[in-house]
Amino acid sequence: MHLWIICLVLLWANNVQCYGSNSFGLASGEAIRIGLITDDSTDGIRQTFEHAISVVNSDLSVPLAGETEQVAFGDSMQAFSQLCRLMQNGVGAVFGPAAKHTAAHLLNACDAKDIPFIYPHLSWSPQSDGFNLHPHPEDIAHALYDIITQFEWSRFIFCYESAEYLTILDHLMTLYGIKGPVIKVMRYDLNLNGNYKSVLRRVRKSEDNRIVVVGSTEGVAEFLRQAQQVGIMNEDYTYLVGNLDLHTYELEEYKYSEANITGLRMFDPDKKEVRQLIETLQQALGESEPTNNGSSPITLAMALTYDAVRVIAETTNFLPYQPQQLNCSERHDNVQPDGSTFRNYMRSLEILEKTITGRIFFRGNIRKGFSFDVIELQTVGLVKVGTWEEGKEFQFNRPPQITNFNDNEENSLVNKTFKVLISVPNKPYASLVESINTLIGNSQYEGYGIDLIKELAEKLGFNFTFHNGGNDYGSFNKTTNMTTGMLKEIVEGHAELAITDITITSEREEAIDFSIPFMNLGIAILYLKPQKAEPALFSFMDPFSKEVWLYLGIAYLGVSLCLFVIGRLSPSEWDNPYPCIEEPEELENQFTISNSWWFATGALLQQGSEIAPKSLSTRTISAIWWFFTLIMVSSYTANLAAFLTIENPSSSIDSVEDLAENKDDVQYGAKRTGSTRNFFLTSEEEIYMKMNAYLSNNPAFLTETNQDGVDMVKAGTKFAFLMESTSIEYNTVRECNLKKIGEALDEKGYGIAMPKNWPYRDKFNNALLELQEQGVLARLKNKWWNEIGAGVCSVPFCDALAEEFKIVVSFAENERALKSAQSVYSRSRNSSQSIESLQMDSDNDDTVPEDD
């Protein structure tokens, strides 16, 4: 029996993870248990939790022991189940997960049992009874207010992720009162799908270029990344980030875009406690060595978790605490003895040292007494430019500009040789040189990408060899961790660079790195220009509508019949056919039915006839008909001239909506692989999902290359092709019957692909920025898009022959005019010389002496 009980105890011990400073086998009576319920998939919170316990236990007589439970993000039922398990194990405090709804649910359960509940994120309610070290929204708003005041902004855009961040705006508006700057408020996560580009496009079109961004760590990081794709991450825009994890973002690609990014952080990355935690994470999780650029892998949640463990440890030094095992069932009203007292005592402490986020002090339920480092992004990384403290006037205190001395011989590109992948043929980026001579090596290639690499090589001093990487630019499969195409060549080390129309995407950036974009673009539609219709047999009737022609015919018949009837009734229209006979047996009338039609026809065609009305009635009808025909013929002539000189052919499709609906049976396709196809595969917008289904159901419309798609459009079989706007621009200036339909569907950029964490990436980014500032990139694009091979359209032979004939005739006329002018000038010059000579002769005659 005793052996069976011992087995049960051992099994129970194996199911619970305990962490202490001295050993992992501490009994419940020897340690105070604290629990962690985490939904962090990176395991960083758990490692921080364990590290903090091991650090504080060195100063405690009664050590702490930690128990960790992993739950799925947002799964409140699973989290509550794990909370019950921790209560049954006798934990004295619980650290909550990052999912706020789950944490709120657990907070209510812990309050009911008087168990201190610690959560490290923005407080959702000022009346919350949980223990929270995160700064209150009011303090964040106050810090933003002081920075904006120093910036002297008169207007800005406030971008927020969800409704909970409006509390920051509320406090900010309270600080401004009625006399504040103009604030335009935008929610950037409108569709709750992580696509913010529609809002960012509105920001780009707005007159405001100063932006305050608040939101979650992941949301704000994605906001900045998509802002760069939309083209508003440059020197014209200033960003003030209200999220306190800016130091953890991947900011490398923004450093050289000259964008002004300012933010806040709660701790110095060089602090001793931070360095010790980073060393622990490196050993446990294999985190990369942090670079000395102001960044840190330690998130605010990790730092607050560390400090919360320190607060619990300090509280146990002053207040004995012996947590009891509890049953979380509603039928049991048992609570944790001294639990509320312990929580209140935690808020009464003031801790000044051995924390990551600085001084810990509470005023009620809200933490006070802390400070923010105000940081700015510069080319060397994040640089501290000031310190914000509550109750003190904030002033910027920027340090002198730091010079980066990393350009040593080991990091130099001089005389290094790189293998550069290109896609051939792929005009205008790379193609074979057309020459009668046999070319080898780099000299056999030409194009925009070739010239760009040559410009970079001239600036940085490296050598290069081009290799054809094919049409498959490559993709990265997250499930299998496999790459294809050019990406595979770079990942496996077979090449260092790839330059072509390869798009920067988040999927590709998980496997490789990209330079800053050297060209911005978007997906657009390539289609045939509206063609002039073939002349129809009855095209002369186009100036009038069918109704007008019908009414005109009815009027013609009516007038003819009226003339016939009135002519019969009018005595003046009856004539003697035989003037020699005074009283003939028969009289004749000129307005027979045929003559009446002929008279009306002659008037309608403005030709007249030999028939002349005699009576007042017929003359009145004729005058009205003549006036009517005058107006109709004049209108017809004017409209006919317009129809012959002006044509407005209409296109079958005018937008992506028309294309999605297959208007006029227009089919469409795209390149089989690449970012364009991936855009439709991953899009969550209904219209693009419908187009993706169409493309998937019609694989014949998916081409291997963009040129194949262009050829299908030129075939004129009601086919449209989806491709990058820059490629469309290149083709439309060479094929006069092609045009771009509608606006771009998205915004993205082309970049130079390179290995992950390549040491020369910064040098390439700097060089690209210099080329952009010097106008070299614009000159290269103009050369390969608008100069070489541009403006060459196929013209029919007859039209070309007529044009050549006009040029020859014009040249001949000009030549005759020049010869005529030359001959007149010559004659006038000779005439003047003769007159002068005559005058000289006459003068000579006068001077001859007379004979004696």
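Preceding block: the structure.
Okay, so let's go over this structure. What you see is a predicted model; the values in this text were computed from it and never measured. Per chain, the residues get numbers from 1 upward, laid out in the order the sequence is written. Only residues with pLDDT of at least 70 are given local features in this predicted model, and only at 80 or more are side-chain atom pairs given and counted; all residues enter the totals for whole chains, interfaces and linings. Hydrogen atoms and water are omitted, and side-chain values are computed over all heavy atoms in the structure.

What to know about the sheet that holds strand S29 (residues 738-741)
Sheets are built from strands that pair by backbone hydrogen bonding, the pairs being arranged parallel or antiparallel. Taken together, 5 strands build an open sheet; the order of strands is S27-S26-S28-S23-S29 and the sheet is mixed. Because the sheet does not close on itself, it has two edges, and the strands there are strand S27 (702-703) and S29. Sheet analysis places strand S23 (residues 523-528) next to S29, joined by 4 bridges and oriented antiparallel. Pairing of Tyr 527 across the sheet is with Lys 739, part of S29. Sheet contacts for helix H21 (residues 706-714): S23, strand S26 (667-671), S27, strand S28 (719-724) and S29; angle to S28, the most-contacted strand, approximately 150°. A pair of strands is treated as paired once DSSP finds two or more bridges between them. Comment: elements are numbered from the N terminus, with helices defined as DSSP H or I runs of at least four residues and strands as E runs of at least two. We call two residues in contact whenever any of their non-hydrogen atoms come within 4.5 Å of each other. Simply put, an axis is a line fit to the C-alpha atoms, just over the touching stretch for a helix, and the angle between two N-to-C directions goes from 0 to 180 degrees.

Quick notes on the sheet that holds strand S9 (residues 260-265)
If you walk across this open sheet you meet the 7 strands as S6-S5-S7-S8-S9-S12-S13, and the pairing is mixed. Taken across any chain shown, the strands that pair with only one partner, and hence form the sheet edges, are strand S6 (182-187) and strand S13 (381-389). Going from strand to strand, the sheet's axes swing by 20° on average, the running direction of each strand aside. Across 3 bridges, strand S8 (residues 238-241) lies against S9 in parallel orientation. The residue of S9 that forms the bridge with Leu 240 is Thr 262. On top of the sheet, helix H6 (residues 166-176) reaches strand S5 (155-160), S6 and strand S7 (210-214); it is set at about 155° to S5, its chief contact. Seen against the sheet, helix H7 (residues 197-205) touches S5, S6 and S7 and runs at an angle of roughly 160° to S6.

Some thoughts on the packing of helix H12 (residues 448-460) against helix H24 (residues 776-787)
Where H12 meets H24, the closest approach of the two axes is 10 Å, and the angle between their N-to-C directions is 155°. The orientation of H12 with respect to H24, classified from their angle, is roughly antiparallel. The two elements H12 and H24 cross, and the hand of that crossing is right-handed. Contacts between H12 and H24 involve Tyr 448, Asp 451, Leu 452 and Glu 455 from the first element and Val 776, Leu 777, Arg 779, Leu 780, Lys 781, Lys 783, Trp 784 and Trp 785 from the second. Residues were grouped as follows: Ala, Val, Leu, Ile, Met, Phe, Trp, Tyr, Cys and Pro as nonpolar; Asp, Glu, Lys and Arg as charged; and all remaining residues, including Gly, as polar. Counted by class, the contact of H12 with H24 contains 7 nonpolar, no polar and 5 charged residues. Any angle that is under 35 degrees is reported as roughly parallel, and any over 145 degrees as roughly antiparallel; angles of 65 to 115 degrees are reported as roughly perpendicular and all others as oblique. By definition, any crossing whose near helix is turned counterclockwise from its far helix by less than a right angle is left-handed, and any crossing with a clockwise turn is right-handed.

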